[in-house]
Amino acid sequence: MQAPLWSTRGHVLQFESADGSAQCVGSARLGAVQVTAPVFNIWVQVRGDGWIESREGRFRMRCGDWMAFEKESAPLIQTGPRGVCIGVALDARALESLQALNDGSLYAGRGRVPAQDLRMLLRLWREAAAAGDDGVAVRPLLLQLAAVQRDLAARVRRCPGRSRLRKRQVFGRMQRARLYLEGNSDRVVRISELADLTSFSSWYFSKAFHALYDESPQALSVRLRLERAGLLLRTTSMMIGEVAASTGFDNCCSFARAFKSHHGMSASRYRAARAATPSSNAG
């Protein structure tokens, strides 16, 4: 493993190549990392906040969030004024080595890291970064990252495919499609877009997606857009019509019906109720 790469104080680090080993990368205090190398990469926000922009969309990162991307995603990681985000990049050989370790694996996706695991991840990342070319030192970090994704790994068995390798491949593509839905919650995403992203037919994609996540991609898209609408109502002064347009609804009537069905109250009542409890706006 090479020495760690850091970006800080407005510098943009271009990560363009990998040498067959795991590479520790980090960004802090308005630093940014642009990943253009064809590598799997996973990021954990360990302090403050930031943003990640990728081909799947734009995502807010808060302390304790993790995100992982396939090699085609080309993410740009941007940390806030007090933010610290650590990452690991792995090419195909490094991923194969990980899979040989206790059958571990990593997948595209996003989620939360419990506080106690976050401290452990940061310690293991520092130890791996300090070890330099010692490839063995990165193994505990990779295994801990795989443990953080244990809920995702449990879903692999539900994917179509005769072999475990095929199931992993299908799951990786479906996770990328799910990220695309989450990163584009400001509009209606067509099934054909998701099918093209995964290189599946629209029929096969829809069937596999529902089997894996227990809801259709259309239903998930609506749910994500309505959750985004709730966030905008809590954290901005946008008019309700503007919120509707910002979440991909053609008109206020359809938005009002969908919002009340999902949140159990009208958008105006939702905003008033959240305004009366300031602590609810903290997220």
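Refer to the preceding data block for the structure.
Residues numbered from 1 in each chain as written. Predicted model: local features only at pLDDT ≥ 70, side-chain atom pairs only at ≥ 80, totals over all residues. Heavy atoms only, no water.

### A look at the sheet that holds strand β4 (residues 32-35)
Piece 1. Sheet architecture is open: five strands sit in the order β2-β4-β9-β6-β7, paired in mixed fashion. Of all the strands in the sheet, just β2 (12-15) and β7 (57-62) have a single pairing partner and so form its edges. Within the sheet, the average angular offset between the axes of one strand and its neighbour, ignoring direction, is 15 degrees. (Pairing = 2+ DSSP bridges. Helix = DSSP H or I, 4+ residues; strand = E, 2+ residues; numbered from the N terminus. Axes fitted to C-alpha atoms, helices over the stretch in contact; angles between N-to-C directions.)

### Quick look at the packing of aromatic side chains
Piece 1. Applying the stated criterion across every chain, the model contains eight aromatic pairs.
Piece 2. Centroid distance Phe205 to Phe209: 5.5 Å. Interplanar angle 45 degrees. Geometry classified as tilted. Of this pair, Phe205 and Phe209 both sit in helix α7 (residues 202-213), four residues apart, roughly one helical turn. Each member of the pair, Phe205 as well as Phe209, is classed as buried. (Phe/Tyr/Trp six-rings, centres within 6.5 Å; stacked < 30°, edge-to-face > 60°. Buried < 20%, exposed > 50% of the residue type's maximum accessible area, 1.4 Å probe, protein only.)

### Notes on the packing of helix α2 (residues 115-130) against helix α3 (residues 139-148)
Piece 1. Two elements in contact, α2 and α3, have axes whose closest approach is 9 Å; the angle formed by their N-to-C orientations is 155 degrees. Overall, the two elements α2 and α3 adopt an arrangement that is roughly antiparallel. When you trace α2 past α3, the crossing you get is left-handed. Contacts between α2 and α3 involve Asp117, Met120, Leu121, Leu124, Trp125 and Ala128 from the first element and Pro140, Leu141, Gln144, Leu145 and Val148 from the second. (Parallel < 35°, antiparallel > 145°, perpendicular 65-115°, else oblique. Left-handed = near helix turned anticlockwise from the far one by under 90°. Contact = heavy atoms within 4.5 Å.)

### Looking at the sheet that holds strand β1 (residues 5-8)
Piece 1. The strand order across the open sheet built from six strands is β1-β3-β10-β5-β8-β11, with neighbouring strands paired in mixed fashion. Of all the strands in the sheet, the pair left with one neighbour each is β1 and β11 (109-112). Across the sheet, the mean angle separating the axes of adjacent strands is 15 degrees when strand polarity is ignored.
Piece 2. The pairing of strand β5 (residues 40-47) with strand β8 (residues 65-69) spans four bridges and is antiparallel. Bridge pairing links Ile42 to Ala68 in β8.
Piece 3. Seen against the sheet, α3 touches β3 (23-28), β5, β8 and β10 (84-90) and runs at an angle of roughly 105 degrees to β10.

### What about the side chain of Lys167?
Piece 1. Considering the arrangement of structural elements, one finds Lys167 in helix α5 (residues 164-183).
Piece 2. The buried category is assigned to Lys167, whose relative accessible area is 19%.
Piece 3. The residues touching Lys167, leaving out its near neighbours within four places in the chain, are Val156, Arg157, Cys159, Pro160 and Gly161.

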